[in-house]
Amino acid sequence: MKKLTIELKKELEIRDLVIDDNELNQILELNEYAAELPIATGKRILLEELRFVGIKNNGDKIDYVQKFTSGINILIADNLKGKSSVFKVIKFALTGRDSLKSDVSSWIKTIMLGFSIADKSYTIFIDKTSSRMSSTLYSTNIDQVNIEYDDNVIFKSNTKSDYEMQIQDFFFNRFSYYPLSWTQKDSAKDSIELREAKASWSTYFKSIYLESKDTNSFYGNQGSKIFQILLGLKYTKIINKLMIKRDFIKNSLAKKDGINNIVLVGKEDLLNELKEIEECLDSIRTNSEHVKFQSLKELQNSLFMEIQASSMIFSSSSNRHYQLLAELDNNRSIRDSLIKEKDGLEKEVVKLKRKINDLKEYLESGYFFSNLTIKMCPSCNHEIDMPSTNEEHECNLCQKPVVSEIENKEQFSERLKQLTETKIIIETKINEIEEKISVLQNNINDFEKEKLDIEKTIQNNDYAELSQKSEQISKQLNELNEKLKQSTEREDELISQKAILNYKLSLQEVDSDDNVGKLNKKPDVLEISIDYFINKRFEESKSILTSLEDLMLNEIHAFGLPSITKIHIDKLFNIEYTQNGIRIKFGDIAEGEQLRVKLAFYLSIIQLDIQKNYGKHPRLLMIDSPAKEEGDNKYLEGLKAALVDIENRYADKLQILIGTAERNMSDIVRSQFIYEADQYVF
């Protein structure tokens, strides 16, 4: 943090804002900042079984039981037969938010959802049989839950709002999420106050549950910040905190310039309260386990930097290794082809040499087979006396006329000359081929040497070892986090109270013109600081974002959209696309193509976690009606191929639930639940 402060002060000085360390820390409170790590936790939510019972308004009983497996699960049924309701029951159980249609919600009386996180089983039980909803989270498998006597209870809740809060805490703790904040105007009429709003677990859940109604908006209503947190990008937390502070200070100055009716509390009381809070914070932070926790976090941060460097070396080495294998194959293929051609030419030379030697022998001896006279019959051994029938010499075997000896010699001399020239040409070509083969062989030798060196680099890369160390530290941190849960929550609460007191004290300072000047300085410092951390985050997250861009492009192409040739993610996490050579935003993409672009993003976020070890997505997706664009056969075929590919590669690492009316989606994965035409799911 000291290095960051020095860099930040230089940025401020460039903008003519000279500020000392103490004043900068008072404004930014950087010492309260806990570093975020983009390393994946390896945790995921695996839904195992859903059960719910109830009764419809026509008297039909509901007794729904469905088991799910790791990988892709496809539920196929006609529209309006209950697919979406099944997904909404799961959402209700996991978040406490009931978005079921009111009639369907009234039918369902009890819900049980069995799931696991990091191989540890949990079961949610929701009872709606009475007017007040009661809920329980058990730390055991769904088949082992005893509702009457079970002692594996993590928490019980007797109100819906309490369940929402407790289940949020449960998932936030398991996946190291935090309630991202933003400012919004107070809803009270005529109020000029700002209030702080916080993202809930159900907001994060929008990155899990893709409802068909969300097709045309990229992030839903939660903005891009959730995905920055899901990716674990560094400095996101502090950027968010500084933005909140900036908004409140600007609001204070606006009020001062306006009605000037700020209600102030005694400064001395505020300072005393602040002192008490700081003493409590010191007490928490000097606790030995808290110190150990912070020390481990620093160690993990240091390991992350090493892992990132190691990952880059591993990635570049792997890419070069892949290139070398391709170059070796290419060079070997050309070399082997040339060797084959050379062998053929050498055989041709041998034949030419024989012909040349024969001709030379003939020309030197003047003896030729056509001039032979047969004296004895080779069959009966009688003497043959056959006078010549004409003046021209005739071959005694084939009886064809032959040219004279002189003409023969002239022709064969010419032939000898041609054969000799041909032989020289071929030998020259052989020499050229040998030179090419020699160059190729040298290349092959060099590539093989480089390949061996790179294989040693890959083999000696300590990425796996560092990741294992990081995993061990994460485990210790999780255990300590559980033990320190109460004190950590108390620390967060005190930090929040401290921020409010500092804010109130800053309002006190507004009273004097001199302090107004100081307060006027703060938004500028905050703006520059926010800009600095945004740039810093972008710079240090470049490799993560580049990997995400590549994964997204691959998935988009797999979904049959080759017209999109590049993905651009900027420092504010805005995503743009180059389509047909023109850079466009998500809203500019044709409606029939938006869903597949969005799906590509969500699948890439999960693949980034699995392949690159970045991010905190729980690796669970629930997709309602992904084949909405069934009119586009390319998309449907691309979606099917992509799902088969994901199933083959990641079946044991993620879970995707898909509800669709598209029956062409059947028989592409093992886990499918198909309902007949017009049949209700429950």
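Structure first, text after, so check above.
Residues numbered from 1 in each chain as written. Predicted model: local features only at pLDDT ≥ 70, side-chain atom pairs only at ≥ 80, totals over all residues. Heavy atoms only, no water.

On to the pattern of salt bridges. Under the criterion given, the structure shown has 26 salt bridges. Between Arg51 and Glu49 there is a salt bridge, with its nearest N and O atoms 2.7 Å apart. For Glu49, a relative accessible area of 5% gives the class buried. For Glu647, the salt bridge identified is with Arg670, shortest N-O distance 3.4 Å. Pair noted here: Glu647 is in helix 17 (residues 633–650) and Arg670 is in the loop between strand 15 (655–660) and strand 16 (671–674), with a separation of 23 residues, a long-range link. The network of salt bridges with common partners includes Glu7, Lys234, Lys536 and Glu540. (Salt bridge = Lys/Arg side-chain N within 4 Å of Asp/Glu carboxyl O. Buried < 20%, exposed > 50% of the residue type's maximum accessible area, 1.4 Å probe, protein only. Helix = DSSP H or I, 4+ residues; strand = E, 2+ residues; numbered from the N terminus.)

In this structure, Leu47, Phe115 and Tyr577 are the most contacted members of the largest nonpolar core, which totals 108 residues. Examining the composition of this core, we find that 11 residues originate from one element, helix 16 (residues 591–612), more than from any other. With residues up to four places along the chain from it excluded, the contact list for Leu47 reads Phe68, Ile90, Leu94, Leu113, Gly114, Phe115, Leu620, Met622, Gln655 and Leu657. Core analysis: the next-biggest nonpolar cluster, separate from the first, contains 21 residues, Leu17, Ile19, Leu28 and Leu242 among them. (Core = buried A, V, L, I, M, F, W, Y, C linked by side-chain atoms within 4.5 Å. Contact = heavy atoms within 4.5 Å.)

Moving on, we come to the environment of Lys43. Checked against the element boundaries, Lys43 lands in the loop between helix 2 (21–28) and strand 1 (45–55). Sequence separation of Lys43 and Lys616 is 573 residues, and the distance between their C-alpha atoms is 8.0 Å. Beyond its immediate sequence surroundings of up to four residues, Lys43 is in contact with Ile117, Ala118, Arg174, Phe175, Asn478, His617 and Pro618. From its side chain, Lys43 meets the backbone oxygen of Arg174 in a polar contact 2.8 Å long. (Polar contact = N/O pair within 3.5 Å; in protein donor to acceptor, adjacent residues only side chain to side chain.)

The subject of this paragraph is the layout of surface pockets. Roughly 580 Å³ of internal volume is contained in the second largest pocket. Lining the second largest pocket we find 24 residues, and of these Leu80, Lys81, Gly82, Ser85 and Lys101 sit closest to its centre. Where the lining of the second largest pocket is concerned, the elements lending two or more residues are helix 3 (83–95) and helix 4 (102–107). It is helix 3 that provides the largest number of residues to the lining of the second largest pocket, a total of four residues. Grouping the constituent residues of the lining of the second largest pocket by class yields six nonpolar, eight polar and 10 charged. (1 Å grid on protein atoms, 1.4 Å probe; cavity = no way out; pocket = protein on both sides within 12 Å on 5 of 7 lines; lining within 4 Å. Points joined across faces, edges and corners; volume = space filled by probe spheres on them. Nonpolar A, V, L, I, M, F, W, Y, C, P; charged D, E, K, R; others polar.)

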